[in-house]
Each structure stands twice: as C-alpha cells, then as structure tokens.
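Chains, contacts and geometry: an overview
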Number of protein chains: 2
Amino acid sequence: MPVSSPSLLQQIQNPVTGQLDDVSQVIRQLVTADVPLLDQVGDHLMMMRGKMFRPTLTLLCSGVAAAPTERAVHLGAVVELVHLATLVHDDAVDHSLLRRGMPTVNAIFSHQVSVITGDYLYSRALMQLVNRQEHDALQILVDASTQMSVGEMWQMSAREVLDTTEAEYERVIRSKTASLIQSACRCGALLGGKEFDAPLSAFGYSLGMAFQIADDLIDYTQVAETTGKPAGLDLREHKVTLPIIAALKSMSPAARKTVNAFFSATEDHSDAEVAEIVSIVSESGGLDYARKRGEQFASEAELALKDLPNSQYKSSLISTISYVMERNS
Amino acid sequence: MPVSSPSLLQQIQNPVTGQLDDVSQVIRQLVTADVPLLDQVGDHLMMMRGKMFRPTLTLLCSGVAAAPTERAVHLGAVVELVHLATLVHDDAVDHSLLRRGMPTVNAIFSHQVSVITGDYLYSRALMQLVNRQEHDALQILVDASTQMSVGEMWQMSAREVLDTTEAEYERVIRSKTASLIQSACRCGALLGGKEFDAPLSAFGYSLGMAFQIADDLIDYTQVAETTGKPAGLDLREHKVTLPIIAALKSMSPAARKTVNAFFSATEDHSDAEVAEIVSIVSESGGLDYARKRGEQFASEAELALKDLPNSQYKSSLISTISYVMERNS
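First, a word on scope: everything that follows refers to the structure included in this document.

Bringing the overall build of chain A into the picture now. Helix and strand counts for chain A stand at 17 helices and two strands. What you see for chain A is a C-alpha radius of gyration of 20 Å, in line with the 20 Å of a compact globule of 329 residues. Its C-alpha atoms give chain A principal-axis dimensions of roughly 60 × 50 × 35 Å. Residue burial in chain A is summarised as follows: out of 329 residues, 56% are buried. In chain A, once contacts between residues fewer than 6 apart in sequence are set aside, the share between residues at least 24 apart is 75%. Total accessible area on chain A is roughly 13500 Å²; 50% of this is exposed by carbon and sulfur atoms. The averaged location of the 40 negative side-chain charges in chain A is 4 Å from the averaged location of its 27 positive side-chain charges.

Right under this line is the structure:
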C-alpha cells in the first residue's frame, strides 16, 4: 500500500516547516492593501493556498546549497503568489465554481473580481521582486508567466481536439504546468552557486511534467469525493489529455466511433457516457501508457538530482517524486 | 473654434513620427508568437492600438534631454503593450463589445481569450524590460500595474455609489488612469538625467488626471456617433464620476430624488431617462465644476514643464495638454 499523500507531504516539508510558516506570513502581508474588497479576497486566498507545493520546492532547492534563508522565504512567497494568480485567472476563464472542493473567487465574489484579483496578485508578486532587486528571479518568473499564457492560447487554438498529438499535449503541459514548477526550483537554486541551476532546473521540469500527467490520470481514475470535483471533468469539457491521446492510437473502430460521437455532442454528458469513455480509454491501454510516460519523467527527475550533495533537503526533493506520482487529489 | 483633435495630435506627434512607426513595429514583433490564435488576436490589437498617446508621451519626454533613441522606442512599445493589456482586461471585466467604435477581443473571440490575451501582453511587455535590463522602467511599470488593479478594486468595493466623495473619485482615477500616463512620462525621463524625473513625473500625473476628467465629461456631453459608444454609458452602468459627484452637492431635493430613483433602478434606462440626469447634472453645475477641476490639473501640468529647456519636444508636450482638454472621443 502506498504511503498516504498528506503524511508523505508532511514528511517532505519537515526540513522547511518553519520557513513555510514564514512564507504564509509574507504572502498575507503582500496581499494586504488598503482596499476592503481585497482584504476579503485575501482571506479567501489564504484558505485556497492549499499545500504550498511550489514554495516547498523553492525552499528545498535552496537548501541543497545551504539552509534556506529569509531570501528563500520571499522567493517562495512570490512563486506561490504567481501560482495563485494563475489559479484565479484559470477559474475566471473556465467560470469554475469549485476548486479543491472549495468555492472559487469567481463563485464567492464575481467574475470581475477574479480577473482583477489575478492581475493584482501577479503585479504585486513582481513588485516584490523588483523592490528586492531579484533580477534573476524576475527573469525566471516573467518568462514562466509568458509561457503559461502561451500554453493557454495553444490549448484554445486547437480546432479538432481529437487530432491533438502527444507532442502538442506535452508542449501545452510544459508551458502550463512544468514551467512554473521548474521556476519554483530555479528560484531556489538561485540561492546556491551557478552549478545548482542546471540539475535543479532539469529536476523541476521533469517533476512538473510528471505532476501534470498524474493530474490528468486522476481525472480518469478518481471520483468526486476525493477530488472535490466531478470525476471525468476533462472529458465532460472535451479536454483531451494523454490517456485518450494514447488510447486513440490502438482503439477498435467501434470504440473510435463512440469516442467521436462523445466529442461531437453539444449537450452535457451523463455519468454513464463518461464512464463508457473511461472504460474505452482504459481498455485501449491509454491509462497504462500515461502511467508509463509519467514514470519516465519521474525517473528523469530522480536522475537530475543524482550528483547533488546528500542532505535532508535532497532526500525531501527525491520524495516529492513519489508524492507527485502517488497523490490522489 | 478649437483646433480639431486629430490634426492637433498629428502636430504633437510630428517630432517623433519616425519613432512612432518603430514603436508599432516593435509592438508587432513582441506580440507575435508561434500560436495561430495569438496572431489573429495580434492583428486585431494592432488595429485597436489607436492614437498611441502613451508612447508619444514616452518619446517626447525622452526628447526633452536628447533626441529619442532606440531605447526610447522600446520603452514606448512596452508602455503601449501594458496599456493594451489593461484595455483587454477592462473589456473582459465589463463584458464590453465595443471600444472606440470597434469590436473588442471579447466580442470577436471570447471572454476566455480576452483574459489570457491580457495576461500574455502584460507578461510579454515585462519580459522585454527584463531582457533589456530596464530595471528602473520595470519598477515604474510594475508599480503602475499594481496601482491600476488596486484602483479597479476600490471602484468595485464601493457600495453606495452616490456616496462617493470627490477624494475617492480622485483616488480611483489617479490609480486607474494617471498612474500609467505618469509612468509613460517617467519612462521617457529615464533617458535623460535624474533632474528630469520630478518635473516630467509631475507633468504626467496632472495630465493623466485632466485626461480622465475630460473623458468622464465626454460621457455626459457627446453622443454615440463621435464616441463610438452609447452616450451616457457611465450613467447607464451607474458609474459615478466627477460631474455627478459635484452636482449632488448643490442639487434641489426634487432633482436628488430623481437621481436616487435612477441609481436604484435595476432595469435598463431609456435615452430620455439618461438625458434627464444629464440635464440635472448640468443645471446643478456639475459639468462646469468638472471642467474647472480639469483646467486646474491642466495648469499644473503646464507649470511642471516650466523650467525644462525649450525644444520642439517640450512644445509638443505643452500641446498635449490642449489635446487632452479639447478631444471629443
């Protein structure tokens, strides 16, 4: 039986627990402004913050060179703010009402507030980097943000979603997910010598790719109780991810016909229809293929850490790989 | 008869016509990415660009010290991109379908595309500053962007809009409009010595305040043909600006009752209802008051330029004040 995710994450965060509390405090300070509405939104965002996976990476990566400093705390806070900004805009774009089982800014306030809150969080995060003269971190995070919006654009540009290739899928998840996880690691690496950038950057990239593939698998394998969102949400929105891209290559003509009909439908799908597509994808080897691809990225992530000096931080970084692969929400 | 605005703007832009063409080219290059959808959006944005008022300010302000260089062109392009990003998000927030008589990104593409396009333009603009190591310009523009979103938040926080004070109104327009116009000037000032920052910053602030007050007046005084948007749009959206804030101070009880009823209504207003409120605001001296306040800011803008060396650039900057006060769209 795999170690259950929450306790594995706690173990991972153990070397940086104190600094993660500091990250939360810095986030709270940065979000606060002399605007009543923003304070309410801020309270909500602090709850939304979740597991602080990205600042954990920043702190652990900085620890590879030396124990995480106040500078690492600030970089971790900025990384999390950029992440929150993208979540808020994602929810605005998708008109989502729930995230991690909690109501979104969209749902509690309004769509308008979501767009502006995302803009504010992003500008505020960058202002912190400017004020602290963190020019390298600025370069890393502005580049990641540009990639994230380009990734969204690619996804929206797709016309015939079922024609999406594996290369196109990887391009989108590299931009939308891996870029920020990689940046979180690179910001941590900034605290050490230049020699840490390449391995920690490679680690972050592979971890980010594995993270998104695992996420896309969860959508096929879990139900609403554990994810806090309807199972098969991607399918219901006709979003094409690795399991179905892989499955389409070896599907029977009959199965392909069912999938085509599902993706051509304009009305909402029943749970039974979604379940049928999940079965087809599973039987055509799509889930196995995606798992294998995820494991390849996981191996690459582990390999990237190989030559780094051993420490509790490195051990925790290695454990983040299992966490990403085993988590179920 | 006042000089008609388009030809006055041409006169103003005369010393920097060549550089403004270069600004357009740089914008086009920066917006272009390997994404089909983004190229279409980019074509549309190039049309939306409008009068390039902000890059004109950057170029003219840089000219006060020495003829505008390639560096000034790049700063002007970035300022305009940040401006375009805010326009696109404003339209997304307001679900606007028209801007300057042209369909918005919202209308042509989708609300989703608007949110992401704004994010992309903003990140891309900042990336250009990071790549060119324009740390001071980064500070100026990230600060302005933060202020712009805070200004939006203040506006959305207002509960009883008719209780808005003149100080609150000025705080909002300072954040939402003056901050970027001031930043456009400050970016230009960066090209000269440190002594140019204070006067050009003060000029930009006052010009920006006058600009927004003039804009808010236009909403009361013009009709759809010249603005490309419905006359009295702010009133129809129950948006409170200086003319009505001033008018409320000296309104008869009967007029106040009509205004209260108008702002409490939940259904759309007829043209006659809007016209009635415009009359009340005019008769209560609201338009005169706003004009006078605008003229005060205009005088302050001119005063700020007083000690700068005379040149064609300074003359053009002085003319921007008349342009702002006399334009009708």
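It is worth spelling out the pattern of salt bridges at this point. Residue and element names in this part refer to chain A. With the rule as written, the count across this model stands at 24 salt bridges over all chains. A salt bridge links E70 to R132, with the nearest nitrogen and oxygen atoms 3.2 Å apart. With E70 in helix α5 (residues 70-94) and R132 in the loop between α7 (111-131) and α8 (135-157), this residue pair connects regions lying 62 residues apart in the sequence. Exposure remark for R132: the relative accessible area of 30% places this residue in the partly exposed category.

A few words on the environment of L138 of chain A. One can find L138 of chain A in helix α8. The sequence separation of L138 of chain A and L98 of chain A amounts to 40 residues, and the corresponding C-alpha distance is 31 Å. With residues near it in sequence (within four places) discarded, L138 of chain A still touches L126, L129, V130 and D143 of chain A together with V130 and L138 of chain B.

Contact residues are listed per partner, giving 41 residues for chain A and 41 residues for chain B. Interface of chain A and chain B: buried area, both sides summed, is about 3600 Å²; carbon and sulfur atoms make up 73% of it. A per-residue breakdown of the area chain A buries against chain B is headed by V93, I116 and M153 of chain A, which together make up 17% of the total. Taken together, the links from chain A to chain B amount to zero salt bridges. Of all elements in the fold, only α3 (36-48), α5, α7 and α8 of chain A reach the threshold of two or more residues within the side of chain A that touches chain B. Sort the elements by how many residues they give to the side of chain A that touches chain B and α7 of chain A lands first, with 15 residues. Class assignment of the residues belonging to the side of chain A that touches chain B gives a composition of 20 nonpolar, 14 polar and seven charged.

The subject of this paragraph is the packing of aromatic side chains. Across all of its chains, the model carries nine aromatic pairs over all chains by this definition. Considering the side-chain rings of F53 of chain B and Y323 of chain B, the 5.4 Å spacing of their centres and the 45° angle between planes classify their relative orientation as tilted. Within this pair, whereas F53 of chain B is found in helix α4 (residues 53-63), its partner Y323 of chain B is found in helix α17 (residues 312-326), the two being separated by 270 residues in sequence. Y323 of chain B sits in the buried class, given a relative accessible area of 3%. Lying over the aromatic face of F211 of chain A, R54 of chain A brings its terminal NZ or CZ to 5.5 Å of the ring centre.

Moving on to the nonpolar core. Core analysis: the biggest nonpolar cluster contains 221 residues, and F203 and I244 of chain A together with F203 and I244 of chain B have the highest contact counts within it. Not counting chain neighbours up to four residues away, the residues in contact with I244 of chain A comprise Y220, L235, V259, F263, I277 and V281 of chain A.

Of the transformation superimposing chain A on chain B, the axial component is 0.0 Å and the angular component is 180°, with the fit at an RMSD of 0.0 Å. Classification of the inter-copy transformation places it as that of a two-fold axis. When C-alpha positions in chain A are compared against the rotation axis, the closest is assigned to V115 of chain A, at 3.6 Å. Comparing contact sets, 100% of the residues at the interface of chain A also lie at the interface in chain B, consistent with an isologous, same-surface contact.

Topologically, T117 of chain B is positioned in helix α7 (residues 111-131). Once you skip the residues sitting within four places of it in the chain, T117 of chain B turns out to touch M153 of chain A together with V41, L45, V88 and V105 of chain B.

Quick look at the packing of α4 of chain B against α17 of chain B now. Axes are the key here: two packed helices are described by the angle between their axes and the distance separating the axes. All names here are of chain B. In the contact formed by α4 and α17, the axes pass within 8 Å of each other and the chain directions differ by 150°. Relative to α17, the element α4 lies roughly antiparallel. Once α4 is placed against α17, the crossing between them reads as left-handed. Counted together, F53, L57, L60, C61 and G63 of α4 and Y313, S316, L317, T320, Y323 and V324 of α17 form the full contact between these two elements. Partitioned by chemical class, the residues of the contact of α4 with α17 number eight nonpolar, three polar and no charged.

Let us now look at α7 of chain A. With 21 residues, α7 of chain A extends 30 Å between its outermost C-alpha atoms, agreeing within 8% with the 30 Å of an ideal straight helix rising 1.5 Å per residue. A positive phi of about 55° marks Q133 of chain A, the residue just after α7 of chain A.

All names here are of chain A. Judged by side-chain charge, E267, D268, E273 and E276 come together as a negatively charged surface patch. In this structure, E267 sits in the loop between α14 (253-264) and α15 (271-283). According to the relative accessible area criterion, E267 is exposed, its value standing at 55%.

Criteria and cut-off values
Residues numbered from 1 in each chain as written. Chains lettered and ligands numbered in written order. Predicted model: local features only at pLDDT ≥ 70, side-chain atom pairs only at ≥ 80, totals over all residues. Heavy atoms only, no water. Helix = DSSP H or I, 4+ residues; strand = E, 2+ residues; numbered from the N terminus. Rg over C-alpha atoms; globule rule 2.2 N^0.38 Å. Buried < 20%, exposed > 50% of the residue type's maximum accessible area, 1.4 Å probe, protein only. Contact = heavy atoms within 4.5 Å. Areas by Shrake-Rupley, 256 points an atom, 1.4 Å probe, with all protein chains shown as cover. Lys, Arg positive; Asp, Glu negative; His and termini not counted. Charge placed at Lys NZ, Arg CZ, Asp CG, Glu CD. Salt bridge = Lys/Arg side-chain N within 4 Å of Asp/Glu carboxyl O. Buried area = accessible area lost by both parts, 1.4 Å probe. Nonpolar A, V, L, I, M, F, W, Y, C, P; charged D, E, K, R; others polar. Phe/Tyr/Trp six-rings, centres within 6.5 Å; stacked < 30°, edge-to-face > 60°. Lys NZ or Arg CZ within 6 Å of the ring centre and 35° of its normal. Core = buried A, V, L, I, M, F, W, Y, C linked by side-chain atoms within 4.5 Å. Least-squares fit on C-alpha atoms with pLDDT ≥ 70 in both. Axes fitted to C-alpha atoms, helices over the stretch in contact; angles between N-to-C directions. Parallel < 35°, antiparallel > 145°, perpendicular 65-115°, else oblique. Left-handed = near helix turned anticlockwise from the far one by under 90°. Expected span 1.5 Å × (residues − 1). Patch = residues over 30% accessible without salt bridge, like charges linked within 9 Å, V, L, I, M, F, W, Y side chains within 5 Å.

Function-wise, these values are silent; they only describe arrangement.
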